[in-house]
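# Understanding the architecture of this molecule
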Amino acid sequence: MALLPILEYPDERLRTVAKPIDHIDDALQRLIDDMFETMYEAPGVGLAATQINFHRQLIVIDVSEDKNAPLVLINPRIVETEGTETCQEGCLSVPGIFADVVRAERVVVEALDRHGELRRIDATGLLAVCIQHEMDHLAGKVFVDYLSPLKRQLVKRKMEKRHRQGAPAASASA
Ligand code: GNR
Ligand code: NI
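Let me sum up the structure you'll find in this document. (Residues numbered from 1 in each chain as written. Chains lettered and ligands numbered in written order. Predicted model: local features only at pLDDT ≥ 70, side-chain atom pairs only at ≥ 80, totals over all residues. Heavy atoms only, no water.)

### Observations regarding the overall build of the protein
- Within the protein, the regular secondary structure consists of three helices and seven strands.
- Scanning the protein from its N terminus toward the C terminus, one meets helices and strands in the order α-β-β-β-β-β-β-β-α-α.
- Computed over its C-alpha atoms, the radius of gyration of the protein comes to 16 Å, within 12% of the 16 Å expected for a compact globule of 174 residues.
- For the C-alpha atoms alone, the extent of the protein along its principal axes is close to 45 × 40 × 30 Å. (Helix = DSSP H or I, 4+ residues; strand = E, 2+ residues; numbered from the N terminus. Rg over C-alpha atoms; globule rule 2.2 N^0.38 Å.)

Put into structure tokens, the structure is as follows:
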């Protein structure tokens, strides 16, 4: 197992649109394990492959209290949404920044699990928020894209200053 470096905003590689995964092999299983290790260590409740500079449709999530409910989503597709909800979000690629984002309150998602089995997940609460946040990453989007241009500029300056000062990647400053 290994900890993977997490790309930080405004890194242009976070804008890459992920391609579907066409076969699940041993190398992918190892990558999934490394993504979980990286996510748990951060700590975070989700991690999209985009954030570790792997541009395929792969997400790991665990929103459980005890960190014992790992969820793998390969080639996820939202098949139903309902309502809206505002949640304060953070992101491992934008450490130390938190802001309200409006998203669907409920999403139904179809995705392959790590064994290639098609799963249907009916999500509300933090899981629904997290799935939408991670699927945005796969589409090259970051949650600060939902902020006003002024606030986003402020976040960009903060992050660039942080990088100039040589902050280690993925170390939260909150
Ligand atoms: O760890 C995370 N917490 C979180 C909190 C509110 C809304 C979304 C998230 S996802 C984030 C991890 C991350 O950056 N995933 O891409
Ligand atoms: Ni994120």
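Once the structure has been displayed, the description carries forward.
### Examining the sheet that holds strand β6 (residues 106–112)
- In spatial order, the strands read β1-β2-β3-β6-β7; together these five strands make up an open sheet with antiparallel pairing. Whereas interior strands pair on both sides, the edge strands pair on one side only; in this sheet they are β1 (46–48) and β7 (118–124). Strand-to-strand twist across the sheet, computed as the mean angle between neighbouring axes with direction ignored, equals 40 degrees.
- For β6 and β7, the ladder comprises seven bridges, and the chain directions are antiparallel. Each residue of the ladder has a partner; that of leucine 112, found in β7, is leucine 118.
- Packing against the sheet, helix α1 (residues 26–41) makes contact with β1, β2 (58–61) and β3 (71–82), and its axis sits at approximately 40 degrees to β2.
- In the packing of helix α2 (residues 125–138) onto the sheet, contacts are made with β1, β2, β3, β6 and β7, and the angle to β7 comes to roughly 120 degrees. (Pairing = 2+ DSSP bridges. Axes fitted to C-alpha atoms, helices over the stretch in contact; angles between N-to-C directions. Contact = heavy atoms within 4.5 Å.)

### A word on unusual backbone geometry
- Residue tyrosine 9 is joined to proline 10 through a cis peptide bond whose omega torsion reads 5 degrees.
- By the element assignment, proline 10 lies in the segment before α1.
- With omega at -10 degrees, the peptide bond leading from alanine 42 into proline 43 counts as cis.
- Structurally, the position occupied by proline 43 is in the loop between α1 and β1.
- In this model, asparagine 53 sits at a positive phi of 65 degrees, which is unusual for a non-glycine residue.
- By the element assignment, asparagine 53 lies in the loop between β1 and β2.
- Owing to a relative accessible area of 37%, asparagine 53 belongs among the partly exposed residues under this scheme.
- With a phi angle near 50 degrees, asparagine 75 is a residue other than glycine that sits in the positive phi range.
- Among the structural elements, asparagine 75 can be located in strand β3. (Buried < 20%, exposed > 50% of the residue type's maximum accessible area, 1.4 Å probe, protein only.)

### Some details on the environment of asparagine 75
- In this structure the C-alpha to C-alpha distance between asparagine 75 and methionine 135, which are 60 residues apart in sequence, comes to 9.5 Å.
- Excluding residues that lie within four positions of it along the chain, asparagine 75 makes contacts with Pro20, Ile21, Gln57, Glu110, Ala111 and Leu112.
- A distance of 2.8 Å separates a polar side-chain atom of asparagine 75 from the backbone nitrogen of isoleucine 21. (Polar contact = N/O pair within 3.5 Å; in protein donor to acceptor, adjacent residues only side chain to side chain.)

### Some words on α1
- Helix length check: α1 (16 residues) gives 23 Å between terminal C-alpha atoms against 22 Å at 1.5 Å per residue, within 8%.
- Within the sequence span of α1, burial applies to Leu28, Leu31, Ile32, Asp34, Met35, Phe36, Thr38 and Met39.
- Buried residues in α1 make contact with β1, β2 and β3. (Expected span 1.5 Å × (residues − 1).)

### Things to note about the site of ligand 1
- Residues in close proximity to ligand 1 total 13 residues, the closest being Val45, Gln51, Leu92, Glu134 and His137.
- Side-chain polar atom of glutamine 51 to an oxygen atom of ligand 1: 2.8 Å apart, as the coordinates give it.
- Between an oxygen atom of ligand 1 and a side-chain N or O atom of histidine 137, the distance comes to 2.9 Å.
- For ligand 1, the protein covers 89% of the area, taking 380 Å² as the surface of the free molecule.
- Contributions of two or more residues to the shell around ligand 1 are made by β4 (85–89) and α2.
- Examining the composition of the shell around ligand 1, we find that four residues originate from one element, α2, more than from any other.
- Among the residues making up the shell around ligand 1, the classes are represented as four nonpolar, seven polar and two charged. (Near = heavy atom within 4 Å. Areas by Shrake-Rupley, 256 points an atom, 1.4 Å probe, with all protein chains shown as cover. Nonpolar A, V, L, I, M, F, W, Y, C, P; charged D, E, K, R; others polar.)

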